[in-house]
Amino acid sequence: MKKVCIAERMVIVFSWAAGLLLVSSVLLIIGYLVWNGHESITLSLLFGEASPLGALLLKERVFDGLFPALAGTVVLVTLSIAWAIPVGIATGIYLAEYAGVFSRTALNLVFDILSGMPSIVVGLFGFSLTVFLHRHYSDAIKPCILVSSLALSFLVLPYIIRTTQTALEGIPRETRLTALALGATRLQNIALVLLPRSFSGIMSGVILAIGRCAEDTAVIMLTGAVASAGLPRSLLSPYEALPFYIYYISSQYSDPDELSRGYGAAIILVLLCALLFLLALGIRKGVSHVAFRRP
């Protein structure tokens, strides 16, 4: 008993130490960004010489600010998640509810390989696909925000598929059989019982996908992001994005003020990710409350 107690205490101490190390590392990184970039966080960093209201109403073009990169990042993340969610949830439902043993094993292997694939490989695939379509189908198809969003959705699919599959498979057997015993069809059971019960877990995958889409640089570098494209005019136009701006400015800055703008852009990207996470958490909490509310 004494040895068991010592082992349990060691596990507790190790867990607390690991948690504190993780939290302190995150705070250290954020503190470093704030220390180096807080002076550059001004309206001119976002809008340059344009007026904020005119830029937001799209009446003035921003030439020396991060507003186009911020807008491009929001559009890119929104499109990527919009492509990935239907396919990811549908695939997760198939794996959890319909797939046989062989199909489940084979597809799980494929998605495990996909989840470990470097983003630069996905970016090269998107770039190669763009070149192929440009040469053989239409000259209008070039590296653009549509290609980038499709490539990113392909990159984050495993997160949504896995969380959907795990959330559905974790529902108790009694809950699974109740609606079926009352005469509901299999599709009704999935749509009205299983999906609402697993919504919280599914949203966890969506939150992970949002973070991956917002921070990835390798894919967008090869599929459409440029330094001075302005606001995206259409799905087939190039665009600006905060991750690419941070990479570009940190590798080619010419003075300390320019580097400080890179730190400021990193702070804005962190705040944008936090805002998107909070929005996703709010949606998860609201939908879960409605799903489990008693009449």
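Residues numbered from 1 in each chain as written. Predicted model: local features only at pLDDT ≥ 70, side-chain atom pairs only at ≥ 80, totals over all residues. Heavy atoms only, no water.

- The name given to the chain in an unreviewed UniProt entry is Phosphate transport system permease protein PstA, with Pelobacter propionicus as the source organism.
- Quoted verbatim from the Subcellular location (unreviewed entry) field of UniProt, the annotation for the chain is "Cell membrane". (UniProt positions renumbered as here; feature names shortened; annotations may be inferred.)

### Overview of the UniProt feature "domain: ABC transmembrane type-1" (unreviewed entry) in the chain
Here is step 1: Look at the UniProt record and you will see "domain: ABC transmembrane type-1" (unreviewed entry) annotated at residues 70–280.
Here is step 2: End C-alpha atoms of residues 70–280 are separated by 18 Å, and the span's content is 80% helix alongside 0% strand. (Helix = DSSP H or I, 4+ residues; strand = E, 2+ residues; numbered from the N terminus.)

### Notes on the confidence of the model for the chain
Here is step 1: Per-residue pLDDT for the chain averages 84, and the proportion of residues at 70 or more is 95%.
Here is step 2: Summarising per-element confidence for the chain, the mean pLDDT is lowest in helix H12 (residues 256–292) (78) and highest in helix H4 (residues 67–98) (90). (pLDDT = per-residue confidence, 0-100.)

### Details of the UniProt feature "transmembrane region" (unreviewed entry) in the chain
Here is step 1: Per the UniProt record, "transmembrane region" (unreviewed entry) is found at residues 12–35, 70–93, 113–133, 140–161, 190–211 and 263–283.
Here is step 2: Secondary structure content for residues 113–133 is 86% helix and 0% strand, and the end C-alpha separation is 26 Å.

### Describing the packing of helix H8 (residues 173–181) against helix H9 (residues 186–215)
Here is step 1: For the pair H8 and H9, interaxial distance at closest approach is 9 Å and the crossing angle is 145 degrees. Seen along the crossing, H8 lies across H9 with a hand that is right-handed. In contact with Thr175, Arg176, Ala179 and Leu180 of H8, H9 contributes Arg186, Asn189, Val193, Leu194 and Arg197.
Here is step 2: Within the contact of H8 with H9, the residues separate by chemical class into four nonpolar, two polar and three charged. (Axes fitted to C-alpha atoms, helices over the stretch in contact; angles between N-to-C directions. Left-handed = near helix turned anticlockwise from the far one by under 90°. Contact = heavy atoms within 4.5 Å. Nonpolar A, V, L, I, M, F, W, Y, C, P; charged D, E, K, R; others polar.)

### So, the side chain of Ser198
Here is step 1: Looking at where Ser198 falls in the secondary structure, it is placed in helix H9.
Here is step 2: Residue classification places Ser198 among the buried residues on the basis of a relative accessible area of 2%. (Buried < 20%, exposed > 50% of the residue type's maximum accessible area, 1.4 Å probe, protein only.)

### Remarks on unusual backbone geometry
Trans is the common state for peptide bonds, and a negative phi is the common state for residues other than glycine.
Here is step 1: A positive phi is found at Leu58, a non-glycine position, where the angle reads about 60 degrees.
Here is step 2: Looking at the element boundaries, Leu58 is found in the loop between helix H3 (52–56) and H4.
Here is step 3: According to the relative accessible area criterion, Leu58 is exposed, its value standing at 59%.

### Comments concerning the state of the cysteines
Here is step 1: Here the structure, examined in full by the defined rule, presents zero disulfides.
Here is step 2: Lacking any disulfide linkage, Cys144 is separated from the closest cysteine sulfur, that of Cys213, by 16 Å.
Here is step 3: Cys213 provides the cysteine sulfur closest to Cys273, a residue in no disulfide bond, and the two sulfurs are 10 Å apart.
Here is step 4: Owing to a relative accessible area of 12%, Cys273 belongs among the buried residues under this scheme. (Disulfide = S-S within 2.5 Å.)

### Considerations on the pattern of salt bridges
Here is step 1: Tallied over the entire structure, the rule returns five salt bridges.
Here is step 2: Linking Asp112 and Arg162 is a salt bridge whose minimum nitrogen-to-oxygen distance equals 2.6 Å. Pair noted here: Asp112 is in helix H5 (residues 101–115) and Arg162 is in helix H7 (residues 145–169), with a separation of 50 residues, a long-range link.
Here is step 3: Of the residues examined, Asp112 reaches a relative accessible area of 43% and is grouped as partly exposed.
Here is step 4: In this structure, the salt-bridge partner of Arg212 is Glu215, at a minimum N-O distance of 3.4 Å. Highlighted residues: Arg212 and Glu215, both in helix H9, separated by three residues, approximately one helical turn.
Here is step 5: Look at Arg212 and you get buried, because its relative accessible area is 17%. (Salt bridge = Lys/Arg side-chain N within 4 Å of Asp/Glu carboxyl O.)

### Considering the layout of surface pockets
Here is step 1: A volume near 310 Å³ is recorded for the largest pocket.
Here is step 2: The wall of the largest pocket is formed by 15 residues, among which Phe63, Asp64, Gly65, Ala227 and Tyr245 lie closest to the centre.
Here is step 3: Every element with two or more residues in the lining of the largest pocket is listed here: helix H11 (242–252) and H12.
Here is step 4: Here the lining of the largest pocket takes four residues from H11, the largest share from any one element.
Here is step 5: In terms of residue class, the lining of the largest pocket is built from seven nonpolar, three polar and five charged. (1 Å grid on protein atoms, 1.4 Å probe; cavity = no way out; pocket = protein on both sides within 12 Å on 5 of 7 lines; lining within 4 Å. Points joined across faces, edges and corners; volume = space filled by probe spheres on them.)

### Examining the nonpolar core
One recurring pattern in soluble globular proteins is that nonpolar side chains are buried together.
Here is step 1: Ile220 and Leu242 are the most contacted members of the largest nonpolar core, which has 50 residues in total.
Here is step 2: If you list the elements that add at least two residues to this core, you get H4, H5, H7, H9, helix H10 (218–223), H11 and H12.
Here is step 3: Of the residues forming this core, the biggest block, ten residues, is contributed by H12.
Here is step 4: Those residues in contact with Leu242 that sit more than four places away from it in its chain are Leu66, Ala69, Leu70, Thr73, Ala265, Ile268, Leu269 and Leu272.
Here is step 5: Counting residues in hydrophobic clusters, the runner-up holds eight residues, among them Ile93, Ile171, Val193 and Leu194. (Core = buried A, V, L, I, M, F, W, Y, C linked by side-chain atoms within 4.5 Å.)

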